[in-house]
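# Commentary on secondary and tertiary structure
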Amino acid sequence: MARLAAASLALLLLGGTGIASAAAGGSSAGSVGAPETPKLRDTICLTSCIGLGKAVVGSTVQVSGANMEALSTISFRPRHGHERIAAPVTAVTPTSAQAVVPKGSRSGPLQVSDAYGQSSRLGKDSLLIRPPRSLRATGPMHLTDAEVSPNKVFYGTRSATLNYVISSGQPANEMRIDVVSPTGQVVQSFFPPAPASNTTQSVAWNGSGFDGKPVADGWYSFRISTPDGQPLGRAKASAEPNLGVAVFSFVFPVRGPHDFGGAGAGFGAGRAGHTHQGQDIMAPCGTKEVAARGGTVQYAGYQGAAGNYIVIDQKGSGEDNMYAHLIAPSPLQTGDHVATGQWIGNVGQTGDAVGCHLHFEVWTAPGWYEGGQPYDPLPLLEAWDKYS
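Residues numbered from 1 in each chain as written. Predicted model: local features only at pLDDT ≥ 70, side-chain atom pairs only at ≥ 80, totals over all residues. Heavy atoms only, no water.

## Digging into the pattern of salt bridges
Taken as a whole, this structure holds 3 salt bridges when the rule is applied. Aspartate 42 serves as the salt-bridge partner of arginine 41, at 3.1 Å between the closest nitrogen and oxygen. By relative accessible area, aspartate 42 is classed as partly exposed at 34%. Its salt-bridge partner being aspartate 178, residue arginine 223 comes within 3.5 Å of it at the nearest N-O pair. Taken together, the positions of arginine 223 in strand E15 (residues 218–225) and aspartate 178 in strand E12 (residues 176–180) put the pair 45 residues apart, joining distant regions of the chain. Assessed through its relative accessible area of 31%, arginine 223 is described here as partly exposed. (Salt bridge = Lys/Arg side-chain N within 4 Å of Asp/Glu carboxyl O. Buried < 20%, exposed > 50% of the residue type's maximum accessible area, 1.4 Å probe, protein only. Helix = DSSP H or I, 4+ residues; strand = E, 2+ residues; numbered from the N terminus.)

Put into structure tokens, the structure is as follows:
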């Protein structure tokens, strides 16, 4: 209780100078009816594939996007005429759907339609449809196609997924996938079950090494090889794939338009009886805020100067981050575990604040009002802002 009281008293030293202003939120009543118009984002071939975006008649393809829970058909460009060829959906989720490429289809963008008669725009990417003879695989295993998405990973919040297709005339195809550093050091390895020829396979990497801890920030790449480590040869006419991924331990906390304000918004700026202990990030009220680094919530609540605020112990560093003036109480509570990039609240101007902004602090170990000291977070924020 003594530490909590001391921390509450210390919060009075926060750098706001204005009158508290509560931001009002709104709500709208929903109605039962047709869902929103489906949106198509990506297309990938799943089975009987020549490549990730190359198929034949009879291939199973998957589209991804939004508002797909009511999809009924996926339509393809016709070989003759102008009327698109609709194939019934064989599997569906709110964000994806599958169908079999029908006869009479030719290369081109796909379109999806739902049971309410709503159709998406044509997809940005074309599905290439080749003759069935293109599937004939003979000889040893080769890499037909591969890609990595996303090419940027924030440890603990999302993984990089390697999608790949092999061609082979062999019944069994053993292989290994390594994640290597720019110096060639293998930091993680996967030994997937023998993949079927001409079928899209996936491996996800969350940025951890063999010890389960995050690897150092930097650039890494996937290497696909035989079990003895020999790089897998590429099929004829297949390009050298870019299988790189950047790994970062921190993410910029404000996820929208922002700036760092004037001189008075920075660390050490003069305040009545004290100096500013953090950096203000100016942004419209309601802008999403995320954890710059994952960890454990040390405090979450309301205080007259800080308004709605949250303090997070950075995992593995001993340092703490403090986020103040949230528009509403954070959905997180003291003791909750937080991932890097996880939503923690929204920009506001609660407490002693002028204008909508995030007041952000970084404290050295052992942490926020636990014996640590605040220091200027602007160089860190500027670095995170460049790659986030």
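## Examining the confidence of the model for the protein chain
For the protein chain, per-residue confidence averages 87 on the pLDDT scale, and 88% of positions sit at 70 or higher. Per-element mean pLDDT across the protein chain ranges from 41 in helix H1 (residues 2–10) up to 98 in strand E4 (residues 85–88). Below pLDDT 50 for its whole length, residues 1–31 participates in 47 contacts with residues either more than four positions away or in separate chains. (pLDDT = per-residue confidence, 0-100. Contact = heavy atoms within 4.5 Å.)

## A closer look at the sheet that holds strand E14 (residues 201–205)
Spatial ordering of the open sheet is given by E9-E11-E14, a layout of 3 strands whose pairing is antiparallel. The open sheet is flanked by strand E9 (142–149) and E14, the only strands paired with a single partner. Averaged over all pairs of adjacent strands, the angle between strand axes in this sheet comes to 20 degrees, irrespective of strand direction. For E9 and strand E11 (residues 160–167), the ladder comprises 7 bridges, and the chain directions are antiparallel. Following the sheet pairing, alanine 146 is matched in E11 by tyrosine 164. (Pairing = 2+ DSSP bridges. Axes fitted to C-alpha atoms, helices over the stretch in contact; angles between N-to-C directions.)

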